[in-house]
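Geometric and topological summary
Listed here are the chains, written in short residue letters.
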There are 2 protein chains.
Amino acid sequence: MPVITSRRNPVIKAAAGLSASAGSRREKRAFLCEGARLCKDAALSGLELRACFYTAQAREKYGAYLAPVKKASQEAYEIAPEVAALLSATKAPQGVFCVCGWPQGLAGGDAPLSARRLLVLEHIQDPGNLGTILRTAEALGGFGVYLLGSCCDPLSPKALRASMGAVFRLKIAQEPSPQGLAERLAQAGFSTWAAVPDRQARRVTEMDFSQGRHSLFIGNEGSGLTPETAGLCKGKLTIPMLGRAESLNAAAAATVLMWEMARGGER
Amino acid sequence: MPVITSRRNPVIKAAAGLSASAGSRREKRAFLCEGARLCKDAALSGLELRACFYTAQAREKYGAYLAPVKKASQEAYEIAPEVAALLSATKAPQGVFCVCGWPQGLAGGDAPLSARRLLVLEHIQDPGNLGTILRTAEALGGFGVYLLGSCCDPLSPKALRASMGAVFRLKIAQEPSPQGLAERLAQAGFSTWAAVPDRQARRVTEMDFSQGRHSLFIGNEGSGLTPETAGLCKGKLTIPMLGRAESLNAAAAATVLMWEMARGGER
């Protein structure tokens, strides 16, 4: 197999573009996935693998991870270490990459509505936070996810890494309008709860989520839900705390609320 | 006031050394704190502020944050932007720093024993994880913390940033020996629970933490608690999950367990 040694190779340039730009990902309906475990996860998740890239060293070291990736990929390329450094978003690249087609769950529409419970994330700005929240949603089980407004891209390298591939498997939809979404959730029989740092709101510990279908709206790291979106929800939920409540970070607050929602369910 | 413009100024070199090296922090019993809010938190937390540094731009922009910092500091220096860039661990520095003496809570000994509940962290390697867990422990309230074995340094720039200053206010002790600690916890009347990803362990949802004093042992991100430490605990706790349990990250698992422990308490 010929080894790609030039950073200007058109296949490499296209892959690097997918890593760098959300616009490029949208236009091509594809994204770049990095790392032996994440690429294997992508292959096993049934994503379309358009191409994979690996260094000679990675072929030796990550053979067991690479096998399903190579099998699922339409094209496979060996690349030089300096090409891996170009494609990588990390300082110490493993040297394994694949170009994947858009996950079906992200195609839009109302696929998340088939889930038992829903998480609605509004204007989450930090890709690490978004990835962590998606990873937790998958781990706790049963969640579909809507990304409302200007959430950062779950297919960026940093979000993918933090999500540990949860984005490949969750039902996720991007949704521009809180009004439209709130109406469709109500029609589908979901209660709608706005997470707020407000001591007057309903305490999450007093809720019983074991019956019915529920959705949880979580807002931006700094400013919370927009008043418009919070106002569209049927109720407000808060986390009662002894300590410095304002000090819980966005991902930790989301973890507690999702856990409380899942905790009452079947386990 | 004279402006420090040289990166080789001895005061600056000493401050940069505190940022770069855990050894230097231990030797000097001091650490470098960065950012307007974190420095203000340090001043208000009653830490010894040996010196503060700020750029002219920061003086204009963060005056309200700087006032208590300057008041509490033994020495104050204005610094040039290139000096701020040297001291900073971030790409876009705010230009506010202070050198603080070791927090009293970190002095060692058994100060955490006065807390209502305890978190024991063993061999946590990632400073972002450590900081996030400390931040959550403070937010949920009532926790003292032991850092067991080779935990990363809670006073490193990354851990400080993730902790949002929780390390200034929590009672934290570093502890070399799991055996010695387990004995002292038992003597002080704390039950000891090892967090494990094991479906045979006691489900945390079946526990009642509302009575008595309890401690929670959480291990390394990749490999969990050492068998020695887990074996010293009186029981094993796990998080029952519908989803991909193995996929919960260390900070999220710690959040769920701490939340369950705090949830049963007085609120």
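Residues numbered from 1 in each chain as written. Chains lettered and ligands numbered in written order. Predicted model: local features only at pLDDT ≥ 70, side-chain atom pairs only at ≥ 80, totals over all residues. Heavy atoms only, no water.

1. Points about unusual backbone geometry
Residues and elements named next belong to chain B. This is how the line gets drawn: Working definition: helices are DSSP H or I runs of at least four residues, strands are E runs of at least two. Numbering for both runs from the N terminus. Any residue under 20% of the maximum accessible area for its type is buried, any over 50% is exposed, and the rest in between are partly exposed; the area is computed with a 1.4 Å probe on protein chains only.
At His-123, a position not held by glycine, the phi torsion is positive, near 50°. Mapped onto the fold, His-123 is located in the loop between β6 (117-122) and α7 (127-140). A residue is classified by how much of its surface remains accessible, and His-123, at 23% relative accessible area, is partly exposed. Residues other than glycine seldom take positive phi values, yet Met-164 does so here, at roughly 50°. Under the relative-accessibility criterion, Met-164 is labelled partly exposed at 23%.

2. Quick word on the nonpolar core
What counts, and what does not: For this analysis, a nonpolar core means a set of buried residues of the types Ala, Val, Leu, Ile, Met, Phe, Trp, Tyr and Cys, connected via side-chain atoms within 4.5 Å. When checking whether two residues touch, look at their non-hydrogen atoms; a contact exists if any pair is within 4.5 Å.
Leu119(A), Leu121(A), Leu119(B) and Leu121(B) are the most contacted members of the largest nonpolar core, which has 124 residues in total. With residues up to four places along the chain from it excluded, the contact list for Leu121(B) reads Leu130(B), Ile133(B), Leu134(B), Val145(B), Tyr146(B), Leu147(B), Leu148(B), Cys151(B) and Ile218(B).

3. Brief notes about the sheet that holds strand β10 (residues 202-203) of chain A
Residues and elements named next belong to chain A. Put simply, the test is: Note: two strands are recorded as paired if DSSP finds a minimum of 2 bridges between them. Only the contacting stretch of a helix is used when fitting its axis, a line to C-alpha atoms as for every element, and angles between N-to-C directions run 0 to 180 degrees.
On the basis of which strands lie adjacent, the open sheet formed by seven strands has the order β8-β7-β6-β11-β9-β12-β10 and parallel pairing. Each having just a single partner strand, β8 (172-175) and β10 make up the two edges of the open sheet. Bridge count for strand β6 (residues 117-122) against strand β11 (residues 213-218) is five bridges, and the pairing is parallel. In the sheet register, Arg-117 faces β11, and the bridge partner there is His-214. Along the sheet, helix α7 (residues 127-140) contacts β6, β7 (143-148) and β8; its crossing angle with β6, the most-contacted strand, is approximately 175°. Those strands touched by helix α10 (residues 178-187) are β6, β7, β8, β9 (190-195) and β11, and its axis lies near 155° from that of β7.

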